[in-house]
Each structure stands twice: as C-alpha cells, then as structure tokens.
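Structural characterization, general
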Amino acid sequence: MLSRHFDAAATERRLYEGWERAGAFACDPGSAAAPYTIMIPPPNVTGSLHMGHALTFTIQDALIRWRRMQGRDALWQPGTDHAGIATQMVVERLLGEQGTTRAALGREAFIARVWQWKADSGGAITRQLRRLGASLDWPRERFTMDEGLSAAVREVFVTLYGKGLIYRDRRLVNWDPKLQTAISDLEVESREVRGSLWHVRYPIEDLPDRFIAVATTRPETMLGDVAVAVHPDDARYADLVGRRAILPLVGRRIPIIADPYSDPEKGTGAVKITPAHDFNDFAVGQRHGLPMPSVLDREARVILAEIAPEPVAGVAGPDFLRGLAGQDRFTARKNIVAELERLGLLEKTEAHLHQVPHGDRSGVPVEPLLTTQWFCNAAELARPAIAAVESGRTVFVPRQWENTFFAWMRAIEPWCISRQLWWGHRIPAWYGPDGKIFVARSADAARQAAQAHYGRETALAQDEDVLDTWFSSALWPFSTLGWPEQTRELARYYPGDVLVTGFDIIFFWVARMMMMGLHFMDDVPFRTVYIHGLVRDERGQKMSKSKGNVIDPLELIDTFGADALRFTICALTGPGRDVKLGATRVEGYRSFVTKIWNAAILCERNGVVPAPEFDPGTARLPLSRWILDAANRAVAEATEALEAYRFDEYAGACYRFFWNVFCDWFLELAKPALAAGDADAAELRRVSAHVLGTALRLMHPAMPFVTEELWDHFGYGAPFSLVRAPWPQPVPISDSGTARQELDWLIRLIAEIRTVRSEMNVPPGTLTPVLLKDPSRENLARAKNWMEQIRRLARASEVRTLEGALPKGAAQAVLDEATIVLPLAEVIDLAAERARLARERDKAEQEAEKVAKKLANADFVQRAPEEVVEENRERLATARQEVARLEAALARIH
C-alpha cells in the first residue's frame, strides 16, 4: 500500500540512482529510431545550481523526456565549461589561504593545481543537476579542457589562421586592471555610479580668449586626447572646424573635427576624442586617421611615454605631468581636476549619475585599452550564419529574437579571442627569435616549421595567452561528438534539434556556435533556438544579492521537492516573458504533487490496478466514455503545447485534466459505483487505471519523480521504466460526444449550485432543495439518472421540478433552458446577504476607480518601475472582475 505522504527527498535519490544504473538516459547510436539531440549549455565547472540553471535545465529535461517517450533516440549531451577566469580565481583564492600565489608556483604547477581542484571539487554542479532530475546521458559527459575537445580547439585555430580568419592586431579591448586580462562583453556589467561631469575649456589656437568646452566623466584620459569632435550640422562650432585646440595640461595642438558621433543635444555638443581609451572614440579615430596614444598602462596607472607635452603658458607645464606618471587612474583624476581648476580651465562641475562598466568577477571598473591581441574575423564567419537564419534553416522561438540576432551579427566587430590567463586552451602559436609566428597543432609541428623556415633548429617560445572560453564553447555541438574525427555519433546527432538558452548569450554563444558549425560542419548546429526569459522574484524584480531576493533552487528542492519546483517553472514559462517565481508559488504546486499522490491512494483503496487487456473502445458507461474522451483531449493539448514550446500551456493542460477533471469530477462521481462492486464498478476500475496511467505518462516530463514512483508502485511496467514508456496517444471512444454532453451538463449544474450557495454564504453542512424550472425532457432525465451524485456533491436535500412562479426568498441561476432555484428563506437572511454583497460591490468599484485613476496618470506610468505598473494593471483587472461577479450575485436573489 502507498504511504500516506509522498517522501520526495528519499524517493528522488533512490529513483535517480535507479535510472542511472538502468542506463535509462542513454542514447543508442545503433538505433533505427530517429535521433533527437539537445546540447546542454555547459555550466561552469566552478558553478552551483542557481535559478537560471533550474529554468533552462527543467525546460531541456521536459523536452528530452517527452521525445524519449515518443520513441526518439534522444541524446542530451552533458558537460561542463572550464570557465577560465572563474576557475583561475577560485584556485588563486585557495592558494592565498595557503600563503602562496600563482606566480610563486609557476605556470605548470599552477595548472596541475587547477586540475587537482577540478578532480576534488569540480563536480558540484553535475551532482546538483541530478537533484533537479536532469536526465542527461552521463557516461558521455565532456569537459571543454579534456583532450578530445582540446584537439578540436587546436584544429579550428590552426585552420582559421591558415585562412587568414585568425590574426594578431592592436585594437581596443575590455581590460580588467585587477585580473590583468582582456575580458568579453558578457563578463562586463554596468553599474550605476554617482560621479561628476566636468566641463573643461580647451583654448583655441590663435584665437585668444576663445575656448571650446568639453564635458567628460573621465578627465584622467584627456592626456591622450587627439581631437575635439563636433557635429557637422552644429552651427555653434561651424567656424572652428578645421582649426586646432590646445590640449590642457599637455599643450599639444589637436584638430577640431566634424563627426556625426558628437550629439549636439548632449553636454556641450563637443566631445574629446581619446581613441586608445574609449570604444566610440576608437571608431572616430579610425575614420579620421588619428593617432592613438595610450596614457594608462595595464594596471590603470598613468604613463607618459606616448604623449609629447608642449609647454604653453597658462595651459600646461612639464612638472605637473611628470608628477602624474605612475599614479592610479582615480588619484590622477583628482589631481587633474584640481590642476584644471587652478589654471581656470574648469568651467563647471555637475553631479552625474551614469553607468560605468565593471568586471563582473573583479568588481573594478573596466578599462578600454589598446593592446595587441589575437582576433577572429567574425564578420566573415557571420555571413553564413545570418543567411541560415534568414532562410529558416535555424528558427528562433519566439521569432522576435531573430531581430536581435541580426542586429548583433550585422554590426559584429572583430572577436578578441586571447586572454592573459594561465588556465585555458593555450594559444597554439610559437615565436621565433625574430618574432616570426608559427601556428601549429603541436610544439613538434611548430619546431619542424621553424626548422624549414630558418634552415636550422631554432628555439621557439609559445604564446603565453590562452583562448577566450567562448572559443571552445563555440565548438561544443560538434567537438563533444568526436570532431575532428568522423565518428558515428557526429554523423548521427549533428545537427541538434533544439538549443534552449537565455537571450543574454544569443551573441556570445549561440551566434558563435552558428559561425563555427557552418564553417566546419557545413550545416547549422541546431534547427531551433528556444529563447526563454529570466527568472525574477514574485514582484518581477531581478534577483540580486544586494536586494536580498535571490532564491536558491536547492533550498526549494529540499523544502518542496524537485517535482514541485520543476512544475512551477513549466507553469510559469511562456513565450517572450520572464518567470516570476517565489517560494509561495512552489509551495502551491507542491499541493498538486500531493493531489496526485492522494488520488493514487484513493484509486488503490478502490481496487484500481493496471489492466493491460482493457480496450477503451469497449467502455459503455457515460462516465467512462467522458473521462476517456477528456484524457484524449488532454493528451492532444499537452502534445500540441510541447510541440510549440508552450510549457505554460503544457503544464496547464496537465493540471486542469488531473486536478479539475480526473480528481474533482471523475473520482467524485465514480465513488458510489466503485463502492457497489458490480459490473459498473469493474469497468470504472479499468478505466481509472487506464486514465491514471495516461496521466502519469503525460505529467512525467515535468514531474518525473512522483510519476515514476506511482508507475512502479501500481505495476504499469518494470521498475524505472516510465522514463521510456510510450507517450500517450488518443484512443478511439464510442459515442464520446453524447457522453461529453451529458457529463458536461451535470458538472455545470453542480457547479452553478455550488456557486450560488457560496455567494449566499449558505453553511456547507446545510442541505437545501434544488428546484429546476422549465428543464428539457432530456435534462430532466439526466438529473434523475445522477440524483445521488447531485445530492452528495451539491448538498441537495431534494431535486425536483418547479411548477408556477419562483418562490420569494430564493436564489436562482440559469443553466441552458432551465432555471435553477434554491429556496433559502428558511436557511439564511437574504436581506442581510443582499446588503453584504452590495457593500462588497461598492468596495470593489472604489478599488477599480482608484487604480484606474492612477493608471490614467501619464506621469505615474512613465516614472514607476515596469513591474509596479503591471501590478496595478493586474489589480484593476481583478477589481473589475470582482465587480462583475458581485453584480451577478445580486441579480440571483429573488
């Protein structure tokens, strides 16, 4: 017998271990079944399960379990990313706790220490994925630094270099002064900073007492200014274009140029151009062929080597500049502002709230820095990827994300692929004594190339940098399948069917996989890209440690079970919208898990056992045919929703069918017959078993644990077999339309009676007569056939027809051609109830009016946070619905 309560913690671990032992998640390259592939977005090896993981992996697991049950040869490829910066930081912190450093260890010893850390501590995220119920093909787990994937990385680098698509260049990059490495845009986060906007006056050469004012938030970089730009159409400065300004503090003459980058509406309309320290300025500098002197080094300290000061009385002096050399950027900022003020060149200072890019891991402001790095010609690789989406070879769901993809890809810049780290794929490039570069698949191959070039054996030094983590991740869809070897897995499982990911990495990962897959495999890496939203808190706010609203999915699993969390995620995941999630939501869906368990207990107590020989087409009872027909419609609805990636509609179909139809109506209506023990009871037991088995299969992708436990307990199949049980299909039902009409009428009758009793505050234990005025002959017959169920479920003392006028002191409701009448004069004080309903209606009207007035205020809508505005819209809709409900209730009283 089933226990009274579902023990999620004990069940989940036992079932998952059983699935793994049975190889239940394994794909079969030799199978004749059609393949279905999902490539996991590899989580960082340093990571712990967070709500973003819980969202994306729940969706992926629901898809893979569903397709596996449909008979597809499903591969969900597991693996983790080496996470260059994150992992190096973790190990460096550990070394610091031990009183040593990366530099003290040396490169080889440090890398060995990282591998040891991975062996000891790197498996946390994969253990946590198991707790979520993720059915990955674990024996195929890969790591972006394992030998096979490393060989793929070297092959791609060498090939692209040979085609001129990888090269070295001096360009502006995001530089992290603390971590001492270039970082990607994804590793940069904008933080709101209360700073200042300094208006600096630049004297005009040969025009005494004439200045051009420039507003800047970074006066420390003005030492590297090479021009002042104004808009070509800005009449204020038309006479100055072509002249030269004198750069304060330095004295260098710099041109005043016309460029559309300058916005006449912002600041003074004139901007200083510092190409070596600003991405927009770099582009302006390229357009105008301007020099690009650096004035900050890799530690963000002032350097003067690339600037040529010119003493100008009242504007610049060499002594002050020499004092700046070696100063930190923020110290230099203070000193520069003070000197500008002393010289009378600081026009004004304004408080300024602005966004400043910071390294997401170091926490320090990022410095745009002109450095020599390795780059990939992303524009060339992007063209086939753009064409593939334009032609529909890869489709985004929702489709609007294709516009984001196109916008990024059509404006793509060279991709900086080198990082100044030790942990990662070391760049396969070696340098000769004269700086000659030898790119090769191995050190031996590089030495052979050098010998051929120099005519003798020559010592080479390998490049110290490693590749951007996204470089190896871009190869994930084919490198994990054995490429560059032509394996049977590669031939069978590439391209993948769907990639599930967040919108924030469309550019960083999705686009790069598209570029690499098309270049090296001559096909897209996936046919569909499903983009989900972010997980936010219950109020729609972004989760952050500073707000204290971060939710730990493992704590939710501990408290409510994995099934409750997974079903909540599915229920809240709709196309194009974020997921508003909180513990109360998960607690609510834990009640659904409990409902499933309790329904199974009820079935078991009534002798329900699987009947494999049962043919649903032979069912004769209206109740049987109705529930079988309802199950058919639930199967169709759930399947259609999954096909369309409508996880909310899939979860809704499961919930409505099992709770609202199977439990609330079928089991309740079947109770008298099940207790009778006759032929009707025998049929209802077989029908119950069939429908329960269908429902368990239908809900399994979202709630694998409770469904597998019940499947095994009832004996629908061998232990741990639900994971591969066939996905339910609609079954033929005789005369289903007639059964549907009869049961739908019965349910609506009971529901109307319950609504009236609830609105009139009739005590639950009080029985009341139910009178039917002007029912059709057919519906009167239905009422007689279901008399016992109506009495029990509608709390009716009697059910009979009403001849003549409606009695005073009654409440009424209309059902098709008939009027349902409940005489209540002897049961409740109708006048008091009418007054109560009127008060509640008036209160609801006042609430609706108040909220509507607030939303009509354009200033409120413009200034209030989006989630607050949306919350008020929901309040207005709720209040108006309540007004309508109460008006209807008042109209019922006769």
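Summarised in this report is the structure supplied together with it. (Residues numbered from 1 in each chain as written. Predicted model: local features only at pLDDT ≥ 70, side-chain atom pairs only at ≥ 80, totals over all residues. Heavy atoms only, no water.)

**Concerning the overall build of the protein**
As a reminder, the rule being used: Numbering of helices and strands starts at the N terminus; helices are DSSP runs of H or I of at least 4 residues and strands are runs of E of at least 2. Classification of residues uses two cut-offs on accessible area relative to the type maximum, computed with a 1.4 Å probe and protein chains only: under 20% is buried, over 50% is exposed, and between them is partly exposed. Every residue pair with non-hydrogen atoms within 4.5 Å of one another is taken to be in contact. Computed by Shrake-Rupley with a 1.4 Å probe, the accessible areas treat only the displayed protein chains as cover when residues are assessed. Note on charges: Lys and Arg go in the positive column, Asp and Glu in the negative column, and His and the chain ends are not counted at all. For the purpose of locating charges, the reference atoms are NZ of Lys, CZ of Arg, CG of Asp and CD of Glu.
Looking only at helices and strands, the protein has 30 helices and 29 strands in total. Expressed along its principal axes, the backbone C-alpha trace of the protein runs to roughly 110 × 65 × 55 Å. Looking at the protein as a whole, 54% of its 894 residues are labelled buried. Contacts in the protein between residues at least 24 apart in sequence constitute 78% of all its contacts with a sequence separation of at least 6. As presented, the protein carries roughly 38,200 Å² of accessible surface, and 49% of it is formed by carbon and sulfur atoms. Between the mean site of the 109 positive side-chain charges and the mean site of the 118 negative ones, the protein shows a separation of 2 Å.

**Topic: the pattern of salt bridges**
Rules: A pair is scored as a salt bridge if a Lys or Arg side-chain nitrogen falls within 4 Å of a carboxyl oxygen belonging to Asp or Glu.
Scanning the model with the defined rule gives 73 salt bridges in all. Between Arg 130 and Glu 20 there is a salt bridge whose closest N-O contact spans 2.9 Å. Residue Arg 130 is found in helix α6 (residues 124-132), and its partner Glu 20 is found in helix α1 (residues 8-22); the two are separated by 110 residues along the sequence. The class of Glu 20 is partly exposed, set by a relative accessible area of 33%. Between Glu 339 and Arg 342 there is a salt bridge whose closest N-O contact spans 2.7 Å. Linking Glu 339 with Arg 342, this pair stays in helix α10 (residues 329-342), spanning three residues, or about one helical turn.

**Overview of the side chain of Gln 77**
In plain terms, the rule: Pairing of N or O atoms within 3.5 Å defines a polar contact, subject to two protein rules: one partner must be a possible hydrogen donor and the other a possible acceptor, and residues neighboring in sequence count only if both atoms are side-chain atoms.
For Gln 77, the position within the fold is in strand β2 (residues 73-77). Within the structure, the side chain of Gln 77 is placed 2.7 Å from the backbone oxygen of Arg 140, a separation counted as a polar contact. Excluding anything up to four places from it in sequence, Gln 77 contacts Ile 38, Met 39, Ile 40, Leu 136, Arg 140, Glu 141, Arg 142, Thr 480 and Leu 481.

**Topic: the environment of Val 156**
Among the structural elements, Val 156 can be located in helix α7 (residues 147-162). Residues Val 156 and His 519, 363 residues apart in the sequence, show an inter-C-alpha distance of 9.8 Å. Discounting residues that sit within four places of it in the chain, Val 156 has contacts with Phe 471, Leu 475, Trp 483, Met 516 and Phe 520.

**Here we look at the nonpolar core**
Most often, soluble globular proteins have nonpolar side chains that are buried together. The test is simple: Grouping buried Ala, Val, Leu, Ile, Met, Phe, Trp, Tyr and Cys residues that are joined through side-chain atoms within 4.5 Å yields what is termed a nonpolar core.
If you look at the biggest cluster of nonpolar residues, it comprises 213 residues, and the most contacted ones within it are Leu 581 and Ile 627. At 17 residues, helix α22 (residues 647-676) tops the list of elements feeding residues into this core. Ranked by size, the runner-up nonpolar core spans 31 residues in total, among them Val 214, Leu 240, Ala 270 and Leu 346.

**Re the sheet that holds strand β27 (residues 796-801)**
Basically, it comes down to this: Pairing between strands is defined by DSSP: at least two bridges between the two strands are required. Note on geometry: axes are C-alpha line fits, over the in-contact stretch for helices, and angles between N-to-C directions span 0 to 180 degrees.
Pairing is mixed in the open sheet, where four strands are placed in the order β27-β26-β29-β28. Across the chains shown, the open sheet's two edge strands, defined by having one partner strand only, are β27 and β28 (810-815). Pairs of neighbouring strands in the sheet enclose a mean axial angle of 20°, with direction left out of account. Bridge analysis of strand β26 (residues 768-773) against strand β29 (residues 818-823) gives three bridges, and the strand direction is antiparallel. By the bridge assignment for β29, Leu 771 is matched with Val 821. Contacting β26, β28 and β29, helix α25 (residues 736-759) runs over the sheet at an angle of about 150° to β28.

**Points about the packing of aromatic side chains**
Aromatic ring pairs are described here by two measures, namely the spacing of the ring centres and the angle between the planes. What counts is decided by this rule: Only centres within 6.5 Å qualify two rings of Phe, Tyr or Trp (six-membered ring in Trp) as a pair; their planes then separate them into stacked at under 30 degrees, edge-to-face at over 60, and tilted for everything else. Should the NZ of a Lys or the CZ of an Arg lie within 6 Å of a ring centre and within 35 degrees of the ring normal, that charge is described as sitting over the ring.
Counted according to the given criterion, the structure contains 38 aromatic pairs. Between Phe 507 and Phe 508, the aromatic rings sit 5.5 Å apart at their centres with planes inclined by 75°, giving edge-to-face as the arrangement. Judged by relative accessible area, which is 15%, Phe 507 ranks as buried. Among the aromatic residues, those joined into a ring-pair cluster are Phe 567, Tyr 589, Phe 592, Tyr 655, Phe 658, Trp 659, Phe 662 and Phe 666. Above the face of the Phe 143 ring, Lys 118 is positioned so that its terminal group lies 4.5 Å from the ring centre. For Arg 201, the ring lying beneath its charged end belongs to Phe 211, and the centroid distance is 4.1 Å.

**A closer look at unusual backbone geometry**
Cis geometry marks the peptide bond from Val 397 to Pro 398, where omega comes out at -5°. Its location among the elements puts Pro 398 in the loop between β15 (395-397) and α12 (401-410). In this model, Tyr 494 is joined to Pro 495 through a cis peptide bond whose omega is 0°. Within the secondary structure, Pro 495 is located in the loop between α16 (488-493) and β22 (496-502). The backbone phi angle of Asp 522 is positive, close to 60°, even though this residue is not glycine. Inspection of the secondary structure puts Asp 522 in the loop between α17 (506-521) and β23 (526-532). A positive phi angle, close to 60°, is found at Asn 761, a residue other than glycine. By relative accessible area, which is 43% here, Asn 761 ends up partly exposed.

**Describing α12**
Note the following rule: The arc in question is traced by the directions running from the helix axis to the C-beta atoms.
Here α12 has its buried residues at Trp 401, Glu 402, Phe 405, Phe 406 and Met 409. Considered in projection along α12, the buried side chains sweep an arc of 145° and stay on one side of the axis. Check the buried side of α12 and you find it contacts α11 (378-390), β15, α17 and β23.

**Focus on the packing of helix α20 (residues 583-605) against helix α24 (residues 704-714)**
Filter applied, for reference: Should an angle fall under 35 degrees it is taken as roughly parallel, and over 145 as roughly antiparallel, whereas 65 to 115 is taken as roughly perpendicular and any remaining angle as oblique.
The N-to-C vectors of α20 and α24 enclose an angle of 10°; their axes lie 11 Å apart at closest approach. On the basis of the axis angle, α20 is roughly parallel to α24. Contact residues: Val 593, Ile 596, Trp 597, Ala 600, Cys 603 and Glu 604 in α20; Val 706, Glu 709, Leu 710, His 713 and Phe 714 in α24.

**Considerations on the packing of helix α19 (residues 562-572) against α20**
Formally: Left-handed describes a crossing whose near helix is turned anticlockwise from the far helix through less than a right angle; right-handed describes the clockwise counterpart. Only Asp, Glu, Lys and Arg are considered charged in this grouping, and only Ala, Val, Leu, Ile, Met, Phe, Trp, Tyr, Cys and Pro are considered nonpolar; every other residue, Gly among them, is considered polar.
Taken N-terminus to C-terminus, the directions of α19 and α20 make an angle of 110°; their axes are 8 Å apart at the nearest point. Classified by the angle between their axes, α19 and α20 sit roughly perpendicular to one another. Judged by the sense of rotation from one axis to the other, the crossing of α19 with α20 is right-handed. The segment α19 lies against α20, with Asp 563, Ala 564, Leu 565, Phe 567, Thr 568, Ala 571 and Leu 572 engaging Arg 585, Val 586, Tyr 589, Arg 590, Phe 592 and Val 593. Tallied by class, the residues present in the contact of α19 with α20 amount to nine nonpolar, one polar and three charged.

**Re the pairing of strand β7 (residues 188-204)**
Pairing of β7 with strand β13 (residues 346-359), which is carried by 13 bridges, proceeds in the antiparallel orientation. Residue pairing in the sheet places Trp 198 in a bridge with Thr 349 of β13. Where β7 folds back onto strand β8 (residues 207-216) in an antiparallel hairpin, the turn is made up of two residues, including Asp 206, whose phi is positive at roughly 70°.

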